[in-house]
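# Working through the structure, step by step
What follows is each chain in one-letter form.
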Amino acid sequence: MVNTMPVGGIARDGEAREPADLVVRNGRVHTGDPARPTASVVAVRDGRITLVGDDQDLPSHVGPGTRVVDALNRRVVPGLNDSHLHVIRGGLNYLLELRWDGVPSLRTALWMLREQAKRTPEGQWVRVVGGWTGEQFAERRLPTVSELNAAAPDTPVFVLHLYQSAILNRAAVRAVGFSRDSVAPPGGEIVRGHSGEPTGVLLAAPAAGLLYSTLAKGPSLAEEQQLGSTRHFLHELNRFGLTSAIDAGGGFQNFPENYAAVLKLAERGELTLRIAYHLFPQAAGQELDDLRRWTATTRPGDGDEWLRLNGAGENLAWSPADYENFTEPRPLRPNQADGELEAAVRLLLDSGWGFRLHATYDETIRANLDVFERIAADGGFPRGVPWFFDHAETVSPAGLDRIAALGGALSVQNRMMFQGSAFSERYGPSAAADAPPIRRMLERGLLVAAGTDATRVSSYNPWLSLEWLVRGRTVGGRLLAAEENRVDRATALRMYTAAGARLSGEGELKGVLREGCYGDLAVLSEDFFTVPEEDISHIESLLTVVGGRIVYAAGEFEGLAVPLHTIEPSWSPVAFYGGFHRTPPPGGSDGVRQGRAVAEAAAESEEHRQWRITRGFAPDNAPAHEIFDACFVL
Ligand SMILES: [Zn+2]
């Protein structure tokens, strides 16, 4: 069919047209564009969409140089956009991290850790940093220090659990130099045993600073490896159909030093994800100096369609409150930081900068709004400046009205999917049913974009967040969100595409499939609109296209994407396990369920064999554990 097409065809309207670079045809395309909601063909030339239509529109778009991909009647959606992702920091560390994201049992998680410790060279650590919680495991619990010691007797192991705790094995306690005399920073706790020695457990009580500063004592990747690590992380995001993200800055994310890897990839034209980033002042007391320097030298919108500045935040002034550790009481908010916040916001607005601001609790949001309204009262808060709150789990209806009055927006994440059980136990199921109050936000006409807040708490997998928006349950399956606070699938997808595009001022350019927009799309493994709700989190992309470039291809499309560079260092956990752990969807066939049961049974019997070996009841000469474990992990 392709060969019979006229070269540089004549459109039906009679105009000559250059052929497309890429055509995806035979797809069930959900465009997100109300003017044309469905189609079967998308054509892209020079990075922009030139056609959203049907097969009969094709002839004028296909030439000898056009790559035509048959989507095999699969669902095609606009590329996803995570509006709150610590993608730059995540990229610098990705190849150093063992990801437990999606791993179904603690047994498997510990097996991965044990094998990884064996291949980790001296001086390096094994670290598990976010993206998981004990509730996702069949065992429904966290690992213990003694399990980490058994899995890794000599290699330092650091396991970060949400904003709540870190678990270190003995070798890690030694490596970071904790002793009976160590003093935790305010808001942190080094748990001690009877002897007064640290046990290996660190608590955010309620501040997570101790966890992050301890993690920062570990080795980092060399500069060239950070570049490769970023490339692999972006590819891992492409695996789930993500084509854009708005970076939220983050602690230990210094500008410009820690932006070198993405800047270099952008310069070389090698980014596979569009990134709009925010600048986040790092040092308490120095926020205004940082913001003054930045506003004097750069402007929001600087950069290009791949990497651009989008304002300040998610932190503007360090304030000792709003810790999102739901196992601890809600912090009483001192307002000594309000003066600094006011100075920061005035400076930003006077310089024409938008911003985002981290706020979990209504108390924080109300105090921040007091500051904004004070500025607005002297005419210093111009309408039309892009600004938004991040998180907003407990924002009140009155708070939402005030946000709307100041022209603000919201960015919500599936943190409750990971922390919702702790939240529900502290504040009760009726508070959890409404956290965050997404429907109330939407009813007011507020712009609400979705995301994950990965990588240190939630997983970066957008389909978990999409499932949570629709289904309202934790990763352990616990129902949190009331029916009236859940959204339909099309709304969820819009929050993950068009809404994010608007937060970075690119609403006319991406988030929908329409002529003139960027050629960013994903062909999905399963139809998001028809799979059982509990299977949404198992969707992946089989073909991800950014700006008309195929950046990820799997399944029937394997081989269409440019191959990735080899993983350096070669002992990286990603070289052995990849990133997010793939498991069969629960709504899958009986055969899949049976296979899983057999694998679990094999693992049980292997556990029993190990128990016998350690007590001298069985010889330790068979390599059986290698075989057993591998079969249930792969
Ligand atoms: Zn935040």
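Residues numbered from 1 in each chain as written. Predicted model: local features only at pLDDT ≥ 70, side-chain atom pairs only at ≥ 80, totals over all residues. Heavy atoms only, no water.

Opposite charge on two side chains permits pairing when their charged atoms draw close. On inspection of all chains with the given rule, the structure shows 40 salt bridges. Residue Asp-362 pairs with Arg-366 through a salt bridge whose shortest N-O separation is 2.8 Å. Placement of both Asp-362 and Arg-366 in helix H10 (residues 362–377) is noted, with a separation of 4 residues, approximately one turn of the helix. A residue is classified by how much of its surface remains accessible, and Asp-362, at 6% relative accessible area, is buried. Among the residues examined, Arg-366 registers a relative accessible area of 39% and is labelled partly exposed. (Salt bridge = Lys/Arg side-chain N within 4 Å of Asp/Glu carboxyl O. Helix = DSSP H or I, 4+ residues; strand = E, 2+ residues; numbered from the N terminus. Buried < 20%, exposed > 50% of the residue type's maximum accessible area, 1.4 Å probe, protein only.)

Turning to the sheet that holds strand E22 (residues 541–546), a few remarks are in order. Spatially, E3-E2-E7-E21-E22-E23 is the arrangement adopted by the 6 strands of the open sheet, whose pairing is mixed. The sheet is open, and its two edges are formed by strand E3 (38–39) and strand E23 (549–553), each paired on a single side. Where helix H6 (residues 223–238) meets the sheet, its contacts fall on E22 and E23, and the angle it forms with E23 comes to roughly 80°. (Pairing = 2+ DSSP bridges. Contact = heavy atoms within 4.5 Å. Axes fitted to C-alpha atoms, helices over the stretch in contact; angles between N-to-C directions.)

The end-to-end C-alpha separation of helix H2 (residues 106–119) is 20 Å, in line with the 20 Å expected for 14 residues at 1.5 Å each. Most of H2 is tucked away: 11 of the 14 residues are buried. Among the residues making up H2, those that are buried are Leu-106, Arg-107, Thr-108, Ala-109, Leu-110, Trp-111, Met-112, Leu-113, Glu-115, Gln-116 and Ala-117. (Expected span 1.5 Å × (residues − 1).)

Let us now look at the sheet that holds strand E9 (residues 126–129). Taken together, the 5 strands give an open sheet; going across it, the order is E9-E10-E11-E13-E12, and neighbouring strands pair in mixed fashion. Strands with a single pairing partner mark the edges of an open sheet, and in this sheet they are E9 and strand E12 (188–192). Adjacent strand axes in the sheet meet at a mean angle of 15°, parallel and antiparallel pairs treated alike. Summarising the sheet, strand E10 (residues 157–161) and strand E11 (residues 165–168) pair through 4 bridges and their orientation is antiparallel. When the sheet's bridge partners are listed, Leu-160 is paired in E11 with Ala-166.

This part covers the nonpolar core. Residues Val-87, Phe-355, Phe-372, Phe-381, Trp-387, Phe-389 and Ile-403 are the most contacted members of the largest nonpolar core, which totals 120 residues. Filtering out sequence-adjacent residues up to four positions away, Trp-387 remains in contact with Phe-355, Leu-369, Phe-372, Phe-381, Ile-403, Leu-406, Gly-407, Gly-408 and Ala-409. Judged by nonpolar contacts, the second largest core, of 26 residues, contains Ala-39, Ala-71, Leu-542 and Ala-561. (Core = buried A, V, L, I, M, F, W, Y, C linked by side-chain atoms within 4.5 Å.)

Keep in mind that these numbers describe shape and distance, not what the molecule does.
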